[in-house]
Amino acid sequence: MEHPDWLWRTPEPKKSYDVVIVGAGGHGLATAYYLARNHGITNVAVLEKGWLAGGNMARNTTIIRSNYLWDESAGIYEHSLKLWEGLREDLEYDFLFSQRGVLNLAHTSQDVREGTRRVHANRLNGIDGEWLTPDELVEVCPIVNTSPDVRYPVLGGTWQPRAGIAKHDYVAWAFARKADRYGVDLIQGCEVTGFITDGNRVTGVETNRGPIHAGRIGLAAAGHTSVLTSTLGVRLPLQSHPLQALVSELLEPVHPTVVMSNHVHVYVSQAHKGELVMGAGIDSYNSYGQRGSVHVIEQQMAAALELFPIFAHAHLIRTWGGIVDVTPDASPIIGRTPVENLFVNCGWGTGGFKATPGVGWVFAHTLAHGEPHELNRPFTLERFTTGALIDEHGAAAVAH
Amino acid sequence: MLLISCPWCGEREETEFHYGGQAFVAYPADPESLSDEEWAQYVFFRDNPKGDFAERWVHSAGCRRWFNTVRNTVTSEFQS
(Lines give C-alpha, C1' and ligand atoms only; values in the text may rest on other atoms or scores of the structure.)
Protein backbone atom coordinates (compact mmCIF):
# COMPACT_ATOMS: atom_id res chain seq x y z
CA MET A 1 0.00 0.00 0.00
CA GLU A 2 1.28 3.43 -0.90
CA HIS A 3 1.77 5.97 1.86
CA PRO A 4 -0.40 9.07 1.37
CA ASP A 5 1.42 12.34 0.73
CA TRP A 6 3.10 13.85 3.78
CA LEU A 7 1.47 17.09 4.93
CA TRP A 8 4.83 18.66 5.81
CA ARG A 9 8.54 18.11 5.21
CA THR A 10 10.98 16.75 7.80
CA PRO A 11 13.87 19.19 7.36
CA GLU A 12 17.23 19.27 9.09
CA PRO A 13 17.54 22.37 11.29
CA LYS A 14 19.46 25.27 9.74
CA LYS A 15 22.12 27.14 11.73
CA SER A 16 20.01 30.25 11.99
CA TYR A 17 16.48 31.61 11.58
CA ASP A 18 14.80 35.00 11.83
CA VAL A 19 12.35 33.54 14.33
CA VAL A 20 12.47 30.31 16.33
CA ILE A 21 9.27 29.14 18.00
CA VAL A 22 9.59 26.57 20.78
CA GLY A 23 6.70 24.13 20.79
CA ALA A 24 4.85 22.71 17.77
CA GLY A 25 1.44 22.57 19.36
CA GLY A 26 -1.52 24.48 18.03
CA HIS A 27 -0.27 27.84 19.28
CA GLY A 28 3.27 27.43 17.93
CA LEU A 29 2.04 26.22 14.54
CA ALA A 30 -0.57 28.96 14.23
CA THR A 31 2.05 31.56 15.16
CA ALA A 32 4.39 30.25 12.46
CA TYR A 33 1.58 30.28 9.91
CA TYR A 34 0.55 33.88 10.63
CA LEU A 35 4.21 35.03 10.70
CA ALA A 36 4.40 33.86 7.11
CA ARG A 37 0.90 34.81 5.99
CA ASN A 38 0.50 38.20 7.68
CA HIS A 39 4.07 39.43 7.97
CA GLY A 40 5.98 37.69 5.15
CA ILE A 41 8.43 36.19 7.64
CA THR A 42 9.15 32.68 6.43
CA ASN A 43 12.69 32.03 7.69
CA VAL A 44 11.12 30.42 10.74
CA ALA A 45 11.60 27.17 12.63
CA VAL A 46 9.18 25.54 15.02
CA LEU A 47 11.08 23.24 17.38
CA GLU A 48 9.26 20.36 19.03
CA LYS A 49 10.81 18.04 21.61
CA GLY A 50 8.29 15.28 20.91
CA TRP A 51 6.09 14.92 17.88
CA LEU A 52 4.02 17.60 16.23
CA ALA A 53 0.89 18.49 18.24
CA GLY A 54 1.46 15.60 20.66
CA GLY A 55 1.14 17.60 23.89
CA ASN A 56 -1.94 19.46 25.04
CA MET A 57 -3.07 19.89 21.42
CA ALA A 58 -3.77 16.14 21.39
CA ARG A 59 -5.30 16.09 24.87
CA ASN A 60 -7.82 18.92 25.10
CA THR A 61 -11.60 18.73 24.91
CA THR A 62 -11.76 20.91 21.76
CA ILE A 63 -14.27 23.45 23.06
CA ILE A 64 -14.34 26.78 21.24
CA ARG A 65 -16.18 29.78 22.70
CA SER A 66 -15.71 33.48 23.39
CA ASN A 67 -18.18 34.14 26.22
CA TYR A 68 -15.60 35.53 28.65
CA LEU A 69 -16.49 38.28 31.10
CA TRP A 70 -13.80 40.93 30.81
CA ASP A 71 -13.27 43.21 27.81
CA GLU A 72 -9.64 42.14 27.36
CA SER A 73 -10.63 38.47 27.22
CA ALA A 74 -13.62 39.15 24.99
CA GLY A 75 -11.26 40.92 22.60
CA ILE A 76 -8.83 38.08 22.11
CA TYR A 77 -11.28 35.17 22.33
CA GLU A 78 -13.81 36.76 19.98
CA HIS A 79 -11.01 37.58 17.52
CA SER A 80 -10.14 33.91 17.68
CA LEU A 81 -13.73 32.76 17.16
CA LYS A 82 -14.08 35.03 14.12
CA LEU A 83 -10.90 33.50 12.70
CA TRP A 84 -12.25 29.99 13.35
CA GLU A 85 -15.32 30.93 11.30
CA GLY A 86 -13.21 31.47 8.18
CA LEU A 87 -10.32 29.16 8.93
CA ARG A 88 -11.34 26.16 6.89
CA GLU A 89 -11.28 28.23 3.71
CA ASP A 90 -8.09 30.01 4.75
CA LEU A 91 -6.20 26.80 5.52
CA GLU A 92 -7.94 24.80 2.76
CA TYR A 93 -8.38 21.91 5.14
CA ASP A 94 -11.51 20.60 6.81
CA PHE A 95 -11.03 20.21 10.54
CA LEU A 96 -14.71 19.57 11.35
CA PHE A 97 -15.45 22.93 12.98
CA SER A 98 -19.00 22.63 14.25
CA GLN A 99 -20.79 25.66 15.70
CA ARG A 100 -23.16 23.67 17.85
CA GLY A 101 -23.20 26.23 20.67
CA VAL A 102 -22.24 26.09 24.33
CA LEU A 103 -24.51 26.06 27.37
CA ASN A 104 -23.04 27.16 30.69
CA LEU A 105 -25.38 25.96 33.40
CA ALA A 106 -26.29 27.78 36.60
CA HIS A 107 -27.11 25.85 39.77
CA THR A 108 -27.18 28.54 42.45
CA SER A 109 -28.58 32.05 42.68
CA GLN A 110 -24.98 33.29 42.56
CA ASP A 111 -24.45 31.32 39.31
CA VAL A 112 -27.61 32.96 37.91
CA ARG A 113 -26.36 36.45 38.76
CA GLU A 114 -22.91 35.75 37.30
CA GLY A 115 -24.36 34.15 34.17
CA THR A 116 -26.77 36.96 33.40
CA ARG A 117 -24.05 39.53 34.08
CA ARG A 118 -21.71 37.71 31.69
CA VAL A 119 -24.38 37.54 28.96
CA HIS A 120 -24.87 41.31 29.25
CA ALA A 121 -21.11 41.88 29.17
CA ASN A 122 -20.78 39.63 26.12
CA ARG A 123 -23.56 41.43 24.26
CA LEU A 124 -22.01 44.82 25.02
CA ASN A 125 -18.86 43.45 23.40
CA GLY A 126 -20.77 42.32 20.31
CA ILE A 127 -20.57 38.65 21.29
CA ASP A 128 -23.66 36.48 20.89
CA GLY A 129 -25.21 35.32 24.13
CA GLU A 130 -28.57 34.64 25.70
CA TRP A 131 -29.87 33.70 29.10
CA LEU A 132 -32.03 30.56 28.91
CA THR A 133 -34.50 29.33 31.49
CA PRO A 134 -34.54 25.58 32.27
CA ASP A 135 -37.46 25.10 29.85
CA GLU A 136 -35.65 27.02 27.12
CA LEU A 137 -32.37 25.19 27.54
CA VAL A 138 -34.06 21.82 27.23
CA GLU A 139 -35.12 22.89 23.75
CA VAL A 140 -31.42 23.34 22.94
CA CYS A 141 -30.23 20.19 24.71
CA PRO A 142 -33.10 17.79 25.51
CA ILE A 143 -30.98 15.34 27.52
CA VAL A 144 -30.07 17.78 30.31
CA ASN A 145 -31.80 16.83 33.54
CA THR A 146 -33.76 19.87 34.73
CA SER A 147 -35.62 18.05 37.48
CA PRO A 148 -35.80 20.07 40.72
CA ASP A 149 -35.23 16.84 42.66
CA VAL A 150 -31.46 16.68 42.39
CA ARG A 151 -28.71 17.97 44.67
CA TYR A 152 -27.96 21.00 42.46
CA PRO A 153 -30.98 21.70 40.22
CA VAL A 154 -30.39 23.53 36.95
CA LEU A 155 -31.72 27.08 37.39
CA GLY A 156 -30.90 28.24 33.87
CA GLY A 157 -27.88 28.80 31.71
CA THR A 158 -26.05 31.01 29.29
CA TRP A 159 -26.12 30.10 25.61
CA GLN A 160 -23.57 31.09 22.98
CA PRO A 161 -24.84 29.70 19.66
CA ARG A 162 -21.62 30.45 17.70
CA ALA A 163 -19.48 28.37 20.08
CA GLY A 164 -18.64 24.79 19.22
CA ILE A 165 -15.96 22.18 18.73
CA ALA A 166 -13.36 21.20 16.12
CA LYS A 167 -11.18 18.17 15.49
CA HIS A 168 -8.00 19.15 17.35
CA ASP A 169 -5.50 16.96 15.47
CA TYR A 170 -6.78 18.17 12.09
CA VAL A 171 -6.45 21.79 13.22
CA ALA A 172 -2.78 21.23 14.01
CA TRP A 173 -2.17 19.41 10.75
CA ALA A 174 -3.94 22.16 8.79
CA PHE A 175 -1.72 24.88 10.30
CA ALA A 176 1.40 22.71 9.93
CA ARG A 177 0.70 21.97 6.28
CA LYS A 178 0.21 25.63 5.38
CA ALA A 179 3.18 26.84 7.42
CA ASP A 180 5.36 24.22 5.75
CA ARG A 181 4.21 25.39 2.32
CA TYR A 182 5.36 28.91 3.19
CA GLY A 183 8.81 27.41 3.91
CA VAL A 184 8.61 27.21 7.71
CA ASP A 185 10.77 24.37 9.06
CA LEU A 186 8.84 22.11 11.45
CA ILE A 187 11.48 20.20 13.37
CA GLN A 188 10.31 17.34 15.56
CA GLY A 189 12.44 15.46 18.07
CA CYS A 190 14.32 18.68 18.77
CA GLU A 191 14.37 19.56 22.46
CA VAL A 192 15.44 23.01 23.59
CA THR A 193 17.77 22.61 26.58
CA GLY A 194 18.86 26.20 27.07
CA PHE A 195 19.46 29.57 25.46
CA ILE A 196 22.43 31.24 23.81
CA THR A 197 22.78 34.72 25.23
CA ASP A 198 24.74 37.88 24.62
CA GLY A 199 24.38 40.08 27.67
CA ASN A 200 20.67 40.46 28.42
CA ARG A 201 19.71 39.26 24.94
CA VAL A 202 18.94 35.81 23.57
CA THR A 203 20.54 35.03 20.23
CA GLY A 204 19.59 31.38 19.91
CA VAL A 205 18.71 28.12 21.55
CA GLU A 206 20.73 25.07 22.60
CA THR A 207 19.04 21.87 21.49
CA ASN A 208 19.73 18.15 21.47
CA ARG A 209 20.46 18.66 17.78
CA GLY A 210 22.95 21.44 18.28
CA PRO A 211 22.75 25.22 18.63
CA ILE A 212 20.24 27.14 16.50
CA HIS A 213 20.56 30.91 16.24
CA ALA A 214 17.54 33.19 16.07
CA GLY A 215 16.71 36.85 15.76
CA ARG A 216 13.72 36.46 18.01
CA ILE A 217 12.49 33.51 20.05
CA GLY A 218 8.88 32.81 20.93
CA LEU A 219 8.00 30.25 23.59
CA ALA A 220 4.77 28.32 23.03
CA ALA A 221 5.63 25.46 25.36
CA ALA A 222 2.56 25.48 27.67
CA GLY A 223 3.26 23.59 30.91
CA HIS A 224 7.02 23.52 30.27
CA THR A 225 7.50 27.29 29.88
CA SER A 226 8.87 27.71 33.41
CA VAL A 227 11.39 24.94 32.80
CA LEU A 228 12.72 26.83 29.77
CA THR A 229 12.83 30.29 31.32
CA SER A 230 14.40 28.99 34.54
CA THR A 231 17.56 28.25 32.52
CA LEU A 232 17.82 32.04 32.15
CA GLY A 233 16.96 32.71 35.77
CA VAL A 234 13.62 34.21 34.69
CA ARG A 235 10.77 33.40 37.05
CA LEU A 236 7.20 33.50 35.77
CA PRO A 237 3.94 33.55 37.73
CA LEU A 238 3.06 30.07 36.49
CA GLN A 239 2.27 26.80 38.19
CA SER A 240 2.12 23.60 36.14
CA HIS A 241 -0.72 21.23 36.95
CA PRO A 242 -2.20 18.07 35.45
CA LEU A 243 -5.51 18.53 33.65
CA GLN A 244 -7.38 15.33 32.91
CA ALA A 245 -9.94 14.51 30.26
CA LEU A 246 -11.70 11.35 29.18
CA VAL A 247 -13.89 9.75 26.55
CA SER A 248 -16.70 7.21 26.54
CA GLU A 249 -17.21 4.46 24.02
CA LEU A 250 -18.76 5.45 20.67
CA LEU A 251 -22.45 6.23 21.01
CA GLU A 252 -25.25 7.24 18.69
CA PRO A 253 -25.58 11.02 18.42
CA VAL A 254 -27.43 12.01 21.59
CA HIS A 255 -25.77 15.24 22.65
CA PRO A 256 -26.33 18.12 20.23
CA THR A 257 -24.27 20.89 21.84
CA VAL A 258 -21.56 21.56 24.45
CA VAL A 259 -22.64 21.70 28.09
CA MET A 260 -20.45 23.13 30.82
CA SER A 261 -21.20 23.36 34.50
CA ASN A 262 -18.95 25.33 36.77
CA HIS A 263 -20.77 24.45 39.94
CA VAL A 264 -20.98 20.65 39.73
CA HIS A 265 -17.94 20.92 37.47
CA VAL A 266 -17.93 18.94 34.32
CA TYR A 267 -18.03 19.82 30.63
CA VAL A 268 -19.38 17.48 28.01
CA SER A 269 -19.67 17.35 24.26
CA GLN A 270 -20.01 14.52 21.78
CA ALA A 271 -17.28 14.17 19.19
CA HIS A 272 -18.19 13.67 15.53
CA LYS A 273 -17.20 10.02 15.78
CA GLY A 274 -19.52 9.48 18.76
CA GLU A 275 -17.45 9.55 21.94
CA LEU A 276 -18.65 11.67 24.82
CA VAL A 277 -15.70 13.95 25.58
CA MET A 278 -15.50 15.22 29.15
CA GLY A 279 -13.25 17.24 31.37
CA ALA A 280 -13.25 19.29 34.54
CA GLY A 281 -10.69 21.08 36.68
CA ILE A 282 -6.99 20.65 37.29
CA ASP A 283 -5.50 18.36 39.90
CA SER A 284 -4.57 20.49 42.89
CA TYR A 285 -0.83 19.85 43.04
CA ASN A 286 2.02 20.94 40.78
CA SER A 287 3.06 18.18 38.40
CA TYR A 288 4.78 17.48 35.11
CA GLY A 289 3.73 13.83 35.20
CA GLN A 290 0.97 13.93 32.51
CA ARG A 291 -1.30 11.91 34.76
CA GLY A 292 -3.72 12.83 37.51
CA SER A 293 -5.65 11.35 40.39
CA VAL A 294 -8.66 9.13 39.91
CA HIS A 295 -10.87 10.96 42.41
CA VAL A 296 -10.88 13.94 40.04
CA ILE A 297 -12.39 11.68 37.38
CA GLU A 298 -14.88 10.21 39.87
CA GLN A 299 -16.13 13.68 40.79
CA GLN A 300 -16.72 14.73 37.22
CA MET A 301 -18.44 11.42 36.41
CA ALA A 302 -20.80 11.97 39.33
CA ALA A 303 -21.52 15.46 38.02
CA ALA A 304 -22.07 14.18 34.48
CA LEU A 305 -24.49 11.52 35.69
CA GLU A 306 -26.56 13.99 37.65
CA LEU A 307 -26.79 16.28 34.64
CA PHE A 308 -27.27 13.49 32.09
CA PRO A 309 -28.97 10.41 33.59
CA ILE A 310 -29.01 8.99 30.03
CA PHE A 311 -25.24 8.41 30.34
CA ALA A 312 -25.67 5.93 33.21
CA HIS A 313 -24.87 2.92 31.05
CA ALA A 314 -22.09 4.48 28.98
CA HIS A 315 -18.64 3.03 29.49
CA LEU A 316 -15.61 5.12 30.19
CA ILE A 317 -12.94 4.05 27.71
CA ARG A 318 -9.90 6.20 28.27
CA THR A 319 -8.61 8.96 30.54
CA TRP A 320 -5.44 10.97 30.15
CA GLY A 321 -3.68 14.05 31.46
CA GLY A 322 -1.84 17.00 30.06
CA ILE A 323 0.27 19.62 31.82
CA VAL A 324 -1.22 23.10 31.88
CA ASP A 325 0.45 26.29 33.11
CA VAL A 326 -1.88 28.28 35.32
CA THR A 327 -1.50 31.98 36.16
CA PRO A 328 -2.78 33.70 39.30
CA ASP A 329 -5.56 35.47 37.34
CA ALA A 330 -6.42 32.59 34.96
CA SER A 331 -5.49 34.72 31.95
CA PRO A 332 -2.55 34.10 29.63
CA ILE A 333 0.73 35.98 29.38
CA ILE A 334 1.54 36.98 25.79
CA GLY A 335 4.39 39.35 25.14
CA ARG A 336 7.84 40.48 26.14
CA THR A 337 10.03 39.08 28.92
CA PRO A 338 12.81 40.80 30.87
CA VAL A 339 15.20 39.22 28.34
CA GLU A 340 15.55 41.02 25.01
CA ASN A 341 14.29 39.11 21.95
CA LEU A 342 12.63 36.47 24.11
CA PHE A 343 8.82 36.43 23.99
CA VAL A 344 6.36 34.20 25.79
CA ASN A 345 2.94 32.87 25.04
CA CYS A 346 2.01 30.95 28.16
CA GLY A 347 -0.35 30.69 31.08
CA TRP A 348 -3.33 29.52 29.05
CA GLY A 349 -4.15 27.08 31.81
CA THR A 350 -7.17 25.00 30.95
CA GLY A 351 -8.41 26.98 27.97
CA GLY A 352 -5.82 27.37 25.23
CA PHE A 353 -7.32 25.35 22.38
CA LYS A 354 -10.11 27.81 21.59
CA ALA A 355 -7.56 30.59 21.24
CA THR A 356 -5.37 28.76 18.71
CA PRO A 357 -5.91 30.99 15.66
CA GLY A 358 -6.39 34.16 17.70
CA VAL A 359 -3.21 33.82 19.68
CA GLY A 360 -1.27 32.70 16.62
CA TRP A 361 -2.34 35.98 15.00
CA VAL A 362 -1.32 38.26 17.88
CA PHE A 363 1.83 36.36 18.88
CA ALA A 364 3.01 36.45 15.26
CA HIS A 365 2.42 40.22 15.31
CA THR A 366 4.37 40.50 18.58
CA LEU A 367 7.30 38.49 17.19
CA ALA A 368 7.28 40.37 13.88
CA HIS A 369 7.26 43.86 15.43
CA GLY A 370 8.80 43.26 18.84
CA GLU A 371 5.65 44.97 20.16
CA PRO A 372 2.34 43.49 21.21
CA HIS A 373 -0.74 43.55 19.00
CA GLU A 374 -3.59 45.72 20.34
CA LEU A 375 -5.39 42.56 21.50
CA ASN A 376 -2.55 41.09 23.58
CA ARG A 377 -1.32 44.42 24.96
CA PRO A 378 -3.21 43.88 28.27
CA PHE A 379 -1.84 40.34 28.69
CA THR A 380 1.61 41.39 29.84
CA LEU A 381 3.88 39.93 32.47
CA GLU A 382 3.99 43.41 34.03
CA ARG A 383 0.34 43.22 35.04
CA PHE A 384 1.34 41.17 38.08
CA THR A 385 3.39 44.15 39.24
CA THR A 386 1.02 46.95 38.23
CA GLY A 387 -2.04 45.10 39.50
CA ALA A 388 -3.91 45.37 36.18
CA LEU A 389 -5.02 41.75 36.42
CA ILE A 390 -7.56 40.19 34.07
CA ASP A 391 -9.27 38.06 36.64
CA GLU A 392 -11.13 35.33 34.80
CA HIS A 393 -11.20 32.93 37.77
CA GLY A 394 -14.85 31.98 37.90
CA ALA A 395 -15.73 34.89 35.63
CA ALA A 396 -14.80 32.91 32.51
CA ALA A 397 -17.74 30.57 32.91
CA VAL A 398 -15.67 27.68 34.20
CA ALA A 399 -13.58 27.12 37.30
CA HIS A 400 -9.97 26.38 36.58
CA MET B 1 -4.45 9.05 43.76
CA LEU B 2 -1.49 10.17 45.85
CA LEU B 3 -0.83 8.48 49.18
CA ILE B 4 0.43 11.22 51.45
CA SER B 5 2.20 10.67 54.70
CA CYS B 6 0.93 13.03 57.38
CA PRO B 7 3.65 13.44 60.03
CA TRP B 8 1.05 12.96 62.76
CA CYS B 9 -1.51 10.55 61.26
CA GLY B 10 0.57 8.45 58.88
CA GLU B 11 -0.23 7.53 55.31
CA ARG B 12 -3.64 8.69 54.10
CA GLU B 13 -5.35 9.22 50.74
CA GLU B 14 -4.93 12.50 48.89
CA THR B 15 -8.64 13.34 49.24
CA GLU B 16 -8.08 13.98 52.97
CA PHE B 17 -5.64 16.79 52.17
CA HIS B 18 -5.53 20.21 50.58
CA TYR B 19 -2.54 21.53 48.71
CA GLY B 20 -0.69 24.63 49.87
CA GLY B 21 1.85 25.19 47.11
CA GLN B 22 5.47 26.16 47.61
CA ALA B 23 6.86 25.88 51.14
CA PHE B 24 9.00 28.41 52.99
CA VAL B 25 7.54 31.55 51.36
CA ALA B 26 7.96 33.88 54.30
CA TYR B 27 5.86 36.99 54.83
CA PRO B 28 8.07 40.01 54.16
CA ALA B 29 9.99 41.04 57.26
CA ASP B 30 9.53 44.72 56.50
CA PRO B 31 6.43 44.97 54.29
CA GLU B 32 6.34 48.76 54.17
CA SER B 33 9.73 48.89 52.49
CA LEU B 34 8.78 46.56 49.60
CA SER B 35 8.76 47.84 46.03
CA ASP B 36 5.93 46.91 43.66
CA GLU B 37 8.25 44.36 42.02
CA GLU B 38 9.00 42.77 45.38
CA TRP B 39 5.31 42.64 46.28
CA ALA B 40 4.58 41.00 42.92
CA GLN B 41 7.24 38.37 43.63
CA TYR B 42 5.82 37.71 47.08
CA VAL B 43 2.16 37.56 46.03
CA PHE B 44 2.20 36.01 42.57
CA PHE B 45 5.54 34.39 41.70
CA ARG B 46 6.41 30.89 42.85
CA ASP B 47 8.97 28.33 41.80
CA ASN B 48 7.65 25.77 39.34
CA PRO B 49 10.38 23.14 39.06
CA LYS B 50 10.30 19.92 37.12
CA GLY B 51 11.76 17.68 39.81
CA ASP B 52 12.00 18.02 43.58
CA PHE B 53 9.69 20.65 45.07
CA ALA B 54 9.37 21.71 48.71
CA GLU B 55 5.66 22.18 49.26
CA ARG B 56 2.92 22.43 51.89
CA TRP B 57 -0.09 20.24 52.53
CA VAL B 58 -2.81 20.43 55.16
CA HIS B 59 -4.51 17.30 56.50
CA SER B 60 -7.96 18.91 56.29
CA ALA B 61 -10.00 15.75 56.93
CA GLY B 62 -7.69 14.49 59.65
CA CYS B 63 -5.65 16.37 62.21
CA ARG B 64 -6.02 19.67 60.26
CA ARG B 65 -2.33 20.41 60.65
CA TRP B 66 -0.05 21.91 58.03
CA PHE B 67 3.28 20.32 57.17
CA ASN B 68 6.11 20.67 54.67
CA THR B 69 7.33 17.91 52.43
CA VAL B 70 9.45 17.40 49.32
CA ARG B 71 7.79 15.75 46.34
CA ASN B 72 9.10 15.06 42.87
CA THR B 73 6.80 16.80 40.38
CA VAL B 74 7.47 14.21 37.66
CA THR B 75 7.20 10.93 39.57
CA SER B 76 5.08 12.20 42.54
CA GLU B 77 7.44 10.40 44.95
CA PHE B 78 7.68 12.01 48.37
CA GLN B 79 11.09 12.32 49.96
CA SER B 80 9.98 13.01 53.48
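Residues numbered from 1 in each chain as written. Chains lettered and ligands numbered in written order. Predicted model: local features only at pLDDT ≥ 70, side-chain atom pairs only at ≥ 80, totals over all residues. Heavy atoms only, no water.

Looking up chain B in an unreviewed UniProt entry gives the name Sarcosine oxidase subunit delta, with the organism given as Kibdelosporangium phytohabitans.

The name an unreviewed UniProt entry assigns to chain A is Sarcosine oxidase subunit beta, from the organism Kibdelosporangium phytohabitans. Word for word, the UniProt comment on chain A under Subcellular location (unreviewed entry) is "Cytoplasm". Looking at the Sequence similarities (unreviewed entry) heading of the UniProt record, one finds this comment for chain A: "Belongs to the SoxB family." (UniProt positions renumbered as here; feature names shortened; annotations may be inferred.)

Caption draft 1: The arrangement of the sheet that holds strand β5 (residues 66–72) of chain B in detail. Residue and element names in this part refer to chain B. Strand order in this open sheet of 3 strands is β3-β4-β5, and the pairing throughout is antiparallel. Strand pairing shows two members of the sheet lacking a second neighbour, β3 (18–22) and β5, which therefore form its edges. When the angles between neighbouring strand axes are averaged without regard to direction, this sheet yields 35°. Of the strand pairs in this sheet, β3 and strand β4 (residues 52–58) are connected by 4 bridges, and their pairing is antiparallel. Bridged to Tyr19 within β4 is Trp57. (Pairing = 2+ DSSP bridges. Helix = DSSP H or I, 4+ residues; strand = E, 2+ residues; numbered from the N terminus. Axes fitted to C-alpha atoms, helices over the stretch in contact; angles between N-to-C directions.)

Caption draft 2: The packing of helix α2 (residues 71–91) of chain A against helix α5 (residues 168–181) of chain A, seen in detail. Residues and elements named next belong to chain A. The N-to-C vectors of α2 and α5 enclose an angle of 50°; their axes lie 10 Å apart at closest approach. What the angle tells us is that α2 and α5 run oblique. Note on packing geometry: the crossing formed by α2 with α5 is left-handed. For the pair formed by α2 and α5, the contact residues are Trp84, Leu87, Asp90 and Leu91 on the first element and Val171, Ala174, Phe175, Arg177 and Lys178 on the second. (Parallel < 35°, antiparallel > 145°, perpendicular 65-115°, else oblique. Left-handed = near helix turned anticlockwise from the far one by under 90°. Contact = heavy atoms within 4.5 Å.)

Caption draft 3: Representation of the packing of helix α1 (residues 26–39) of chain A against helix α8 (residues 356–369) of chain A. Residue and element names in this part refer to chain A. At a minimum axis separation of 7 Å, α1 and α8 run at an interaxial angle of 55°. The orientation of α1 with respect to α8, classified from their angle, is oblique. Handedness of the α1/α8 crossing: right-handed. Facing Gly26, His27, Ala30, Thr31, Tyr34, Leu35, Arg37, Asn38 and His39 of α1, the residues of α8 in contact are Thr356, Pro357, Val359, Gly360, Trp361, Phe363, Ala364, His365, Leu367, Ala368 and His369. Grouping the amino acids of the contact of α1 with α8 by side-chain chemistry returns 10 nonpolar, 9 polar and 1 charged. (Nonpolar A, V, L, I, M, F, W, Y, C, P; charged D, E, K, R; others polar.)

Caption draft 4: The arrangement of a negative patch on the surface in detail. Residue and element names in this part refer to chain A. Judged by side-chain charge, Glu130, Asp135, Glu136 and Glu139 come together as a negatively charged surface patch. Per-element tally for the negative patch: the top contributor is helix α4 (residues 134–140), with 3 residues. One can find Glu136 in helix α4. (Patch = residues over 30% accessible without salt bridge, like charges linked within 9 Å, V, L, I, M, F, W, Y side chains within 5 Å. Areas by Shrake-Rupley, 256 points an atom, 1.4 Å probe, with all protein chains shown as cover. Salt bridge = Lys/Arg side-chain N within 4 Å of Asp/Glu carboxyl O. Lys, Arg positive; Asp, Glu negative; His and termini not counted. Charge placed at Lys NZ, Arg CZ, Asp CG, Glu CD.)

Caption draft 5: Fine view of the interface of chain A and chain B. The partner chain B presents 23 residues to the 25 residues of chain A that form the contact. When chain A packs against chain B, the two sides together hide about 2100 Å² of surface, and 52% of this comes from carbon and sulfur. Ranking the residues of chain A by area buried against chain B places Arg235, Tyr285 and Tyr288 of chain A at the top, with a combined share of 30%. On inspection of chain A and its partner chain B, the count reaches 1 salt bridge. Between chain A and chain B we count 12 residue pairs in polar contact (both at pLDDT 80 or more) in total. For the side of chain A that touches chain B, the elements supplying multiple residues, two or more each, are α6 (225–230), β12 (239–250), α7 (294–307) and α9 (383–386) of chain A. Class assignment for the residues of the side of chain A that touches chain B results in 11 nonpolar, 11 polar and 3 charged. (Buried area = accessible area lost by both parts, 1.4 Å probe. Polar contact = N/O pair within 3.5 Å; in protein donor to acceptor, adjacent residues only side chain to side chain.)

Caption draft 6: Molecular detail of the sheet that holds strand β13 (residues 258–261) of chain A. All names here are of chain A. The 8 strands are arranged β5-β6-β4-β13-β14-β15-β12-β16 in an open sheet whose pairing can be described as mixed. Because the sheet does not close on itself, it has two edges, and the strands there are β5 (130–132) and β16 (316–326). Each adjacent strand pair in this sheet contributes to an overall mean axis angle of 20°, direction not counted. Of the strand pairs in this sheet, β12 and strand β15 (residues 275–282) are connected by 5 bridges, and their pairing is antiparallel.

Caption draft 7: Representation of the domain arrangement of chain A within the structure. Residue and element names in this part refer to chain A. You can read the domains of chain A as domain 1 (16–61 + 168–237 + 328–396) and domain 2 (99–164 + 239–326). Once you take the C-alpha centre of each, domain 1 and domain 2 turn out to be 29 Å apart. On the domain 2 side, the residues contacting the 18 residues of domain 1 number 21 residues. Where domain 1 abuts domain 2, roughly 1400 Å² becomes buried across the two surfaces, and 51% of that area is made up of carbon and sulfur atoms. Counting across the interface, domain 1 meets domain 2 through 0 salt bridges. (Domains from an automatic or database assignment.)

Caption draft 8: Quick peek at α2 of chain A. All names here are of chain A. The first and last C-alpha atoms of α2 sit 29 Å apart over 21 residues, in line with the 30 Å expected at 1.5 Å per residue. The largest bend in α2 comes to about 45°, at Glu85. Considered for burial, the residues of α2 that qualify are Ser73, Ala74, Ile76, Tyr77, Glu78, His79, Ser80, Leu81, Leu83, Trp84, Leu87 and Leu91. Here the buried face of α2 lies against α1, β3 (63–64), β6 (156–160), α5, β17 (333–336) and α8. (Expected span 1.5 Å × (residues − 1). Bend = angle between axes of the 7 residues up to and from the residue. Buried < 20%, exposed > 50% of the residue type's maximum accessible area, 1.4 Å probe, protein only.)

Caption draft 9: Region of interest: the nonpolar core. Residue and element names in this part refer to chain A. Counting residues in each nonpolar core, the largest one holds 49 residues, and the members touching the most others are Ile21, Trp84 and Phe175. Residue assignment for this core shows that the elements contributing at least two residues are β1 (16–22), α1, β2 (44–47), α2, α5 and α8. When residues in this core are grouped by element, the largest group, 7 residues, is from α2. Those residues in contact with Ile21 that lie beyond four places of it in its chain are Gly28, Thr31, Ala32, Leu35, Val44, Ala45, Val46, Leu47, Gly218, Ala220 and Leu367. Core analysis: the second largest hydrophobic core is formed by 29 residues, Val22, Val192, Val205 and Phe384 among them. (Core = buried A, V, L, I, M, F, W, Y, C linked by side-chain atoms within 4.5 Å.)

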